[in-house]
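Observations on the three-dimensional arrangement
Given next are the chains, with one letter for each unit.
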Amino acid sequence: MTGRTVRIGAGAGFSGDRIEPALELVEHGALDYLSFECLAERTIALAQMARRSDPEAGFDPLLADRMRAVLPAARARGVRIVTNMGAANPIGAAKLVTRIARELGLAGLKTAAVTGDDVLDIVRAGDFPLIDRVGTSRDLGDTILSANAYLGAGGIVEALAGGADVVITGRVGDPALFLGPLIHEFGWRMDDWTRLGRGTLVGHLLECAGQITGGYFADPGFKDVPDLVRLGFPFADVGENGAAVLGKVPGSGGRLSIATCKEQLLYEILDPAAYLQADVTADFGAVAFADLGEDRVAVSGGDGYSRPATLKVSVGYEDGFSGEGQISYAGPGAVARGRLALEIVRGRLALTGVPVEDLQLDLIGLDSVDRTGRPAGGEPREIRVRVAGRTSSRAAAERIGAEVEALYTNGPFGGGGVTTSVREVLAVASMLIDRDCVAPAVRYEVA
Amino acid sequence: MILRDIAHVRTGDKGDISQIAVFAYRESDYPLLARVLTPRSVADHLGGLPVRSVRRYDLPTLAALSFVLDGALRGGVTRSLALDAHGKTLGAQLLDLVIDPS
């Protein structure tokens, strides 16, 4: 690659991700930017609930740990940070980062909060068709907890132009966390669809962090990956025209190869020629990779065309409860005793009138995740009974685990290791909103 | 021969959709892959999935096929009662699909 390049690293691929690979990137990766993608689909609904009970809360629970780990080294090396860890409260998150910066003696550190993704008022006031099922947003009634539009990179670009060292967003398209710094650095026009498509490609390849450097890849004897214990996270060197070379810190664990890049390229992509993002419709249909050796892979061929007229909105809503119980059986006849246990629990829930809308009966080790329906070779040495059901009340959900536990003394012989759980179900539905309804806003905090 | 001998897979999810990408280890096996892995053969192999439709995207420059299985995840990860609500294990289950190279 000729000309100036910008190096962006990926510090997290989900909210619970490992922290020290991000620090390794900051200390040894010669980065310009480090982006953390931490916001799964329903995380924002959970965060919204947390914020209801505590107005200061509602952002990523690992925000403080991550910032304490990377901020001193990032400041010393001039690495700017971009993350969606703001979840339902980017302003609260920016204030926390600023407090931490003061504690660490990082006077002057400037943190930007990007807001504008919260469209709950618009969704509550209107009625929008759901795109992933029949029905409309109004059908969800007052169970709706949150509604957040997938913003583009605009707010991030504005914050970087405003001198932010750390940019914290709520819901933005995941690739925008990487596209934003590229637009800022290279001054790409917001209708330069080819470059925006290529920047989105870089963002998509990096957004799951370790998933491109050998995580979620290993299959011993077929696809071996060295040292997953110390898996290194990726970075990309991106040129002004959007071409990129992917790499990772020398000596870190994992592997970056054409095969790992191909897997990540298509990961969770529906139509590879039309990856819809707020800023561009990216086209991955002609992407090519070249192995440069030593965990370096060049990527080319990304493209894009005009952005969609609408933005996707994730609506989080309360969807009742689920209750679950598990118990194990072993030895000869384990499967038959497991089947008997399932029938007993099903019968007990019916006999005692527990209102269960949907009941899932599994034998783990036999048919719980297998969908081929092919017979196993020989009877397993052990199986685990799993009963899960959906209910409208917590009390009913608790009854499911209780009936599994009662198998100890009332069920087939030899059951052991009961576990039970109840959870409040937060479901997500998707809809579209006119992009003109939404505008990002940027606010700064300085340590 | 089974699929595992010539290809690797990755599985993802989006709402109620499972997406399984299949990659030939060797480019020369791509035509075979494209011949034997059809929406029908994939749906048949994963016969326990409640799919509404299966769509295939061909990526010859990557020696890859991507299958989009609509309705496979019982409402999606946020609603499903399935143990593997994401369907993350589904792609691996394709790997013992028997392939007739003739």
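Description of the packing of helix α6 (residues 154-161) of chain A against helix α7 (residues 176-186) of chain A
All names here are of chain A. Where α6 meets α7, the closest approach of the two axes is 8 Å, and the angle between their N-to-C directions is 45°. Put simply, α6 runs oblique to α7. Classified by chirality, the crossing of α7 by α6 is right-handed. Contacts from I156, V157, L160 and A161 in α6 reach A176, G180, P181, I183 and H184 in α7. For the contact of α6 with α7, the per-class residue count stands at seven nonpolar, two polar and no charged.

Examining the sheet that holds strand β6 (residues 166-169) of chain A
All names here are of chain A. Spatially, the 10 strands line up as an open sheet ordered β11-β12-β8-β7-β1-β2-β3-β6-β4-β18, and their pairing is mixed. Strands at the two margins of the open sheet, each flanked by one partner only, are β11 (288-291) and β18 (441-446). Mean inter-strand twist for the sheet, computed between neighbouring axes without regard to direction, equals 20°. Those strands touched by helix α1 (residues 20-28) are β1 (5-12), β2 (33-36) and β7 (234-239), and its axis lies near 160° from that of β1. Against the sheet, helix α9 (residues 258-266) makes contact with β8 (244-248), β11 and β12 (297-300), and its axis sits at roughly 160° relative to β11, the strand it touches most.

Quick word on the domain arrangement of chain A
For chain A, the assigned domains read domain 1 (5-116 + 151-308) and domain 2 (315-430). Taken over C-alpha atoms, the centre of domain 1 of chain A sits 39 Å from the centre of domain 2 of chain A.

Considering the pairing of strand β14 (residues 310-330) of chain A
Residue and element names in this part refer to chain A. The sheet contact formed by strand β5 (residues 144-149) and β14 spans five bridges and is antiparallel. Residue pairing for β14: A147 is matched across the bridge by V315. The pairing of β14 with strand β17 (residues 416-434) spans 16 bridges and is antiparallel. In the strand pairing of β17, G316 is matched with V428. Across 10 bridges, β14 lies against strand β16 (residues 382-391) in antiparallel orientation. Counterpart to Y329 in the pairing with β16 is I383.

Examining the environment of V438(A)
Residues and elements named next belong to chain A. With respect to the helices and strands, the residue V438 is situated in the loop between β17 and β18. Of the residues examined, V438 has 20 C-beta atoms within 10 Å and is grouped as buried. Residues V438 and L151, 287 residues apart in the sequence, show an inter-C-alpha distance of 8.2 Å. With residues near it in sequence (within four places) discarded, V438 still touches G116, V119, A149, L151, L311 and I433.

Remarks on the interface of chain B and chain A
It is common to give the size of an interface as the accessible area lost on bringing the parts into contact. At the junction of the two partners, chain B supplies 33 residues and chain A supplies 38 residues. Elements with a minimum of two residues in the side of chain B that touches chain A: β1 (7-14), β2 (17-24), β3 (53-59), β4 (64-70) and α3 (90-94) of chain B. Broken down by element, the residue count for the side of chain B that touches chain A peaks at five residues, all from β1(B). Residues that form the side of chain B that touches chain A fall into these classes: 14 nonpolar, 12 polar and seven charged.

So, the sheet that holds strand β9 (residues 275-276) of chain A
Residue and element names in this part refer to chain A. Taken together, three strands build an open sheet; the order of strands is β9-β10-β13 and the sheet is antiparallel. Lying at the two open borders of the sheet, with one neighbouring strand each, are β9 and β13 (303-305). Direction of pairing for strand β10 (residues 281-283) relative to β13: antiparallel, over a ladder of three bridges. Looking at β13, one finds that T281 is bridged to Y305.

Side note on α9(A)
Residue and element names in this part refer to chain A. Here α9 lies mainly inside the structure; seven of its nine residues are buried. Among the residues making up α9, those that are buried are T260, C261, K262, E263, Q264, L265 and L266. Backbone geometry just downstream of α9 places E268 in the positive-phi region, at approximately 60°.

Side note on the nonpolar core
Formed by 136 residues in total, the largest nonpolar core has its most connected members in L34(A), V167(A), I168(A) and V22(B). A domain split of this core shows at least three residues from each of domain 1 (5-116 + 151-308) and domain 2 (315-430) of chain A. Ignoring anything within four residues of it in the chain, the contact list for V167(A) reads V82(A), A112(A), V114(A), I156(A), A159(A) and L160(A). Core analysis: the second largest hydrophobic core is formed by 19 residues, V385(A), A397(A), I400(A) and V404(A) among them.

Notes on the environment of G353(A)
Residue and element names in this part refer to chain A. For G353, the position within the fold is in the loop between α10 (334-351) and β15 (358-364). For G353, a count of 8 C-beta atoms within 10 Å puts it in the exposed group. For the pair formed by G353 and A396, sequence separation is 43 residues and the distance between their alpha carbons is 9.6 Å.

What counts and what doesn't
Residues numbered from 1 in each chain as written. Chains lettered and ligands numbered in written order. Predicted model: local features only at pLDDT ≥ 70, side-chain atom pairs only at ≥ 80, totals over all residues. Axes fitted to C-alpha atoms, helices over the stretch in contact; angles between N-to-C directions. Helix = DSSP H or I, 4+ residues; strand = E, 2+ residues; numbered from the N terminus. Parallel < 35°, antiparallel > 145°, perpendicular 65-115°, else oblique. Left-handed = near helix turned anticlockwise from the far one by under 90°. Contact = placed C-beta atoms within 7 Å. Nonpolar A, V, L, I, M, F, W, Y, C, P; charged D, E, K, R; others polar. Pairing = 2+ DSSP bridges. Domains from an automatic or database assignment. Buried ≥ 20, exposed ≤ 12 C-beta atoms within 10 Å, placed from the backbone. Core = buried A, V, L, I, M, F, W, Y, C linked by C-beta atoms within 7 Å.

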